[in-house]
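# Fold and geometry: a report
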Amino acid sequence: MIWNKEKEMLPENSKKAHQGELLKRLIRRVYDKIPFYQDRMDDAGIQPDLVSSIADIKRLPFTTKDDLRDNYPFGMFAVPMDHVTEIHTSSGTTGKPVIGGYTRGDIDVWSEVMARCLAASGTTEKDVVQNAYGYGLFTGGLGVHYGARRIGATVVPISGGNTKRQIMILQDFKSTILTCTPSYCLYLAEVGEQMGVDFSSLPLKAGNFGAEPWSNNMRKEIERRLSLLALDIYGLTEIIGPGVGNECEYKCGVHICDDHFYPEIIDPETSEVLPYGEVGELVITTLTREATPLLRYRTRDITRLIPGQCECGRTSIRMERIMGRTDDMLIVRGVNVFPSQIEEVLVNIEGVEPHYQIVLERDGALDELEIHVEMNERLISDEIKGLEQAERKIRDDIESMLGIKVGVRLVEPKTIARSEGKAKRVIDKRTL
Ligand code: DLL
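Residues numbered from 1 in each chain as written. Predicted model: local features only at pLDDT ≥ 70, side-chain atom pairs only at ≥ 80, totals over all residues. Heavy atoms only, no water.

To continue, consider the overall build of the protein. Each helix and strand counted, the protein has 12 helices and 21 strands in total. Taking 2.2 N^0.38 as the reference for a compact globule, 432 residues should give roughly 22 Å; the C-alpha atoms of the protein span a radius of gyration of 22 Å, in line with that estimate. Counting only C-alpha atoms and orienting by the principal axes, one finds that the protein spans roughly 75 × 55 × 40 Å. Counting all 432 residues of the protein, 56% fall into the buried class. When contacts within the protein are restricted to residue pairs at least 6 apart in sequence, those whose partners lie at least 24 apart make up 66%. Of the roughly 18,600 Å² of accessible surface on the protein, a fraction of 49% belongs to carbon and sulfur atoms. Of the side-chain charges in the protein, 54 are positive and 66 negative, and the distance between the mean point of each set is 3 Å. (Helix = DSSP H or I, 4+ residues; strand = E, 2+ residues; numbered from the N terminus. Rg over C-alpha atoms; globule rule 2.2 N^0.38 Å. Buried < 20%, exposed > 50% of the residue type's maximum accessible area, 1.4 Å probe, protein only. Contact = heavy atoms within 4.5 Å. Areas by Shrake-Rupley, 256 points an atom, 1.4 Å probe, with all protein chains shown as cover. Lys, Arg positive; Asp, Glu negative; His and termini not counted. Charge placed at Lys NZ, Arg CZ, Asp CG, Glu CD.)

Quick look at the structure:
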């Protein structure tokens, strides 16, 4: 379902003109209100009236996570504090968090883009949204909350965790939409199955899953085990939170709400803008954000923009599901490895669960990569031969994909720590 046909199906030319107008206003605003941007632009000799169309965006400076840290906590705010109605932070666990400020207008935009995302997975005012993203400083909980309210659906603000209770509420409240991280969703499936729940008999029909990388195979697994339509939702605190974009029912990329968030792809090494279709780092400009506007923010997320029109009728630009982050990418014996590649293989293998961890160690000069993956109950009761076969298959498939030797260790069911939010997939014990 398309929530806002006028905005989501804007013809190409009108969209470009609209984006250009917003960019002109944005530049003026950040130059006048944020000393950081004024200095940056003065240093680069950029006048705020330089922009005449969206194509001029290429001439503007980038903003990095370090810039935000240097201006922590409120140095990047473009409005006085009495206009800020809410503050959120990124879910990062190390160092100072990254801050997002919201005016009333920002919350209004957030509600609008989140309504688009939830509607894309079929949410209407008749639905019951079980929102298992964490409430609090993390943007997941309240972002979904605002969108569901805008649609007029019934929100169940259960937040993350307390998994047995989640299953009970799912059954008793007849929740039709589930929102949480994909790893937590699989954990819900596991606990529900143990409790003897038949998900196919529940009214659950769809879910918006995101906040961490996941694969198409993991989608299939979630859809099979919970009997629902599983769509990818993307976002980050710095830009708005969840709601930057969502897949539609055609599952061919995340539609970015590009009347609010302007995306570009750059080469992370050279910062050069890459043409549509090429893989690189996603850069986003917040065209309408009032409290914490950002020019060309380097997200560190790796993806590509997908040219062409989607069958759903939306004209918004699509991006491939996030392949990893520039800072998540492991370099193992010189080869770039993304955890999502390993997950893609594991989900296709009989007898193992998509619960895994990648352990990196250094033996002398060589990196050793070992994948710990849980067996399911069936495999564990199998003969040694069955276990060896499963282990060999995983190793062969991963080695042929990555082109490097890896170790595989099958571990007992339910021994890999479950997460209520974002899963921790990599344990890097190398001291470099
Ligand atoms: O994770 C916002 C969010 C909440 C998105 C709920 C979707 C659903 P942060 O904590 O600031 O915000 O983390 C942002 O998470 O830069 C990506 O690396 C990653 N991420 C978010 N969505 C996806 C996704 C929220 N669908 C960081 N696929 C981003 C892969 C994702 N990675």
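We are not done yet, so read on.
Attention now goes to the site of the ligand. Among the 22 residues in the neighbourhood of the ligand, the closest are listed as Ser91, Asp232, Ile233, Thr237 and Asp301. At 2.5 Å from an oxygen atom of the ligand is found a side-chain nitrogen or oxygen belonging to Thr237. Computed on the free molecule, the ligand has an accessible area of 610 Å², of which 94% lies beneath the protein chains in the complex. Breaking the shell around the ligand down by element, the ones donating at least two residues are helix 6 (139–151) and strand 7 (229–236). (Near = heavy atom within 4 Å. Polar contact = N/O pair within 3.5 Å; in protein donor to acceptor, adjacent residues only side chain to side chain.)

Our focus in this paragraph is the pattern of salt bridges. Using the criterion set out here, one finds 34 salt bridges in the structure. The salt bridge partner of Glu223 is Lys251, with a shortest N-O separation of 2.9 Å. Of this pair, Glu223 sits in helix 9 (residues 216–226) while Lys251 sits in the loop between strand 8 (241–247) and strand 9 (254–256), placing them 28 residues apart in sequence. Taking the relative accessible area as the measure of exposure, Glu223 reaches 17% and is therefore buried. The exposure class assigned to Lys251 is partly exposed, which follows from its relative accessible area of 31%. Here the salt bridges share partners, and the residues they tie into one network are Glu193, Glu221, Arg224, Arg225 and Glu353. (Salt bridge = Lys/Arg side-chain N within 4 Å of Asp/Glu carboxyl O.)

For the rest of this paragraph, the subject is the nonpolar core. Tyr234, Val244 and Phe261 are the most contacted members of the largest nonpolar core, which has 63 residues in total. The set of elements that each furnish at least two residues to this core consists of helix 2 (12–33), helix 3 (35–43), helix 5 (104–120), helix 6, strand 7, strand 9, strand 10 (261–266) and strand 11 (280–286). Top contributing element to this core by residue count: helix 5, with 9 residues. With residues near it in sequence (within four places) discarded, Phe261 still touches Val113, Ile239, Ile240, Gly243, Val244, Ile256, Ile284 and Thr285. (Core = buried A, V, L, I, M, F, W, Y, C linked by side-chain atoms within 4.5 Å.)

In terms of burial, strand 12 (residues 297–303) is largely enclosed, as 6 of its 7 residues are buried. Across 4 bridges, strand 11 lies against strand 12 in antiparallel orientation. Bridged to Ile284 within strand 12 is Tyr297. The pairing of strand 12 with strand 15 (residues 324–325) spans 2 bridges and is antiparallel. Note on strand 15: the bridge partner recorded for Asp301 is Arg325. (Pairing = 2+ DSSP bridges.)

Our next topic: helix 9. An α-helical turn contains 3.6 residues, so a residue and the one three or four places further along point in the same direction. Summarising burial for helix 9: 8 of the 11 residues are buried, a large majority. Just past helix 9, the residue Ser227 takes up positive phi, approximately 55°.

Quick look at the sheet that holds strand 8 now. The sheet built from 9 strands is open, its strands ordered 4-3-5-6-7-8-9-14-13 with mixed pairing. Edge positions in the open sheet fall to strand 4 (154–156) and strand 13 (305–306), since each of these has one partner strand only. By the bridge criterion, 3 bridges tie strand 8 to strand 9 in an arrangement that is antiparallel. Opposite Glu247, over in strand 9, you have Val254 as the bridge partner. Sheet strands in contact with helix 6 are strand 3 (128–131), strand 4, strand 5 (177–180) and strand 8, and its direction is about 170° off that of strand 3. In the packing of helix 9 onto the sheet, contacts are made with strand 5, strand 6 (206–210), strand 7 and strand 8, and the angle to strand 7 comes to roughly 130°. (Axes fitted to C-alpha atoms, helices over the stretch in contact; angles between N-to-C directions.)

Taken domain by domain, the protein comprises domain 1 (1–327) and domain 2 (330–428). With centres defined by C-alpha atoms, the gap from domain 1 to domain 2 works out at 30 Å. Roughly 1,700 Å² is buried in total at the junction of domain 1 and domain 2, and carbon and sulfur atoms are behind 51% of that figure. Across the domain 1-domain 2 interface, the total number found is 2 salt bridges. When the shortest N-O distance is used, the salt bridge between Glu190 and Arg418 registers 3.0 Å. On inspection of domain 1 and its partner domain 2, the count reaches 10 residue pairs in polar contact (both at pLDDT 80 or more). Contributions of two or more residues to the side of domain 1 that touches domain 2 are made by helix 8 (182–194), helix 9 and strand 15. Per element, the largest residue contribution to the side of domain 1 that touches domain 2 is 6 residues, and it comes from helix 8. (Domains from an automatic or database assignment. Buried area = accessible area lost by both parts, 1.4 Å probe.)

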